[in-house]
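As a plain string of letters, each chain reads:
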Amino acid sequence: MAKKQVTRFQLLMQKLVANPAVSKVFSVFWHRLDRACLRLSKGRTSLTEIFAGMPMVLLTTTGARSGLARTLPVLCLRDAEKPQVIAVSAANWGSEKMPSWYYNLKANPRASILLDGKQSVCVAREAKGEEYERYWKVAEATFVGMRHYRQRVGDRRIPIMILSEEGDLL
């Protein structure tokens, strides 16, 4: 799977979104626009991919407290050496708080994803050690603001979740 080339405009947008004030504003509404775009395109594209060159996946988890389905677009991390593996980071726009979907996956690791027109059921696990470091590098290569997010989150470690198709222990 070849990585798409990011345009100058997309790189500029990534740098803009890495700004704390812009991140805070975008975090309020952008996921709603991205979710709609991903649903309409059947997971083939998102506004984030169009404007910032960052691939997204539509993740549906079960609410840790409510038990209800929760669907959000999240940054899709793919290692060129293991393109079948889907990983997502719980950066939460560089916020000091973890995203709710992270707690949902910890409470109920079974989830579904919509990516490239295909709906899949998967099981999530948290990356650790060398695997975490490899996917952190993928995250930094996917989004230039990831280093800024890491600095902004304070003492919080940004988890990376590996989403394996059910029955597949990647």
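Structure shown above.
Let me sum up the structure you'll find in this document. (Residues numbered from 1 in each chain as written. Predicted model: local features only at pLDDT ≥ 70, side-chain atom pairs only at ≥ 80, totals over all residues. Heavy atoms only, no water.)

### So, the side chain of T71
What counts here: Helix and strand definitions follow DSSP, with helices as H or I runs of at least four residues and strands as E runs of at least two, each counted in order from the N terminus. Burial status follows relative accessibility: with a 1.4 Å probe on protein chains alone, a residue under 20% of its type maximum counts as buried, one over 50% as exposed, and anything between as partly exposed. Side-chain atoms alone can form a polar contact between residues adjacent in sequence; in general such a contact is a pair of N or O atoms within 3.5 Å, and within protein one must be able to donate a hydrogen while the other accepts it. Residue contacts are defined here by distance: any two heavy atoms, one from each residue, within 4.5 Å place the two residues in contact.
Relative to the elements of secondary structure, T71 occurs in strand β2 (residues 69-75). Its relative accessible area of 15% is what places T71 among the buried residues. A distance of 2.8 Å separates the side chain of T71 from the side chain of T60, its partner in a polar contact. With sequence-adjacent residues up to four places away left out, T71 is seen in contact with R35, R39, L58, L59 and T60.

### Some points on the packing of helix α1 (residues 8-18) against helix α2 (residues 20-40)
Put simply, the test is: A fitted line through C-alpha atoms serves as each axis, taken over the contacting stretch for helices, and the angle formed by two N-to-C directions is quoted from 0 to 180°. Any angle from 65 to 115 degrees is called roughly perpendicular, while one under 35 is roughly parallel, one over 145 is roughly antiparallel, and all others are oblique. Amino acid classes used here: Ala, Val, Leu, Ile, Met, Phe, Trp, Tyr, Cys and Pro are nonpolar; Asp, Glu, Lys and Arg are charged; the rest, including Gly, are polar.
At a minimum axis separation of 5 Å, α1 and α2 run at an interaxial angle of 90°. Compared by their axis directions, α1 and α2 come out roughly perpendicular. Taken together, the residues of α2 that come into contact with α1 (itself represented by L16, V17 and A18) are P20, V22, S23 and F26. When the residues that make up the contact of α1 with α2 are grouped by side-chain class, the tally is six nonpolar, one polar and no charged.

### Thoughts on the sheet that holds strand β7 (residues 160-165)
Convention followed: Only when DSSP finds a minimum of two bridges between them are two strands counted as paired.
The strand order across the open sheet formed by seven strands is β2-β1-β5-β6-β7-β4-β3, and the pairing between neighbours is antiparallel. If you trace the sheet from one side to the other, it starts and ends with β2 and β3 (77-79), each paired once. Neighbour-to-neighbour, the strand axes of the sheet open up by a mean angle of 35°, direction not taken into account. In terms of strand pairing, strand β6 (residues 118-126) meets β7 through five bridges, oriented antiparallel.

### Considerations on the environment of A64
By secondary structure assignment, the location of A64 is in the loop between β1 (56-62) and β2. Using a relative accessible area of 43% as the deciding quantity, one classes A64 as partly exposed. Residues A64 and L114, 50 residues apart in the sequence, show an inter-C-alpha distance of 21 Å.

Fair warning: the whole summary comes from geometry, so function is off the table for now.
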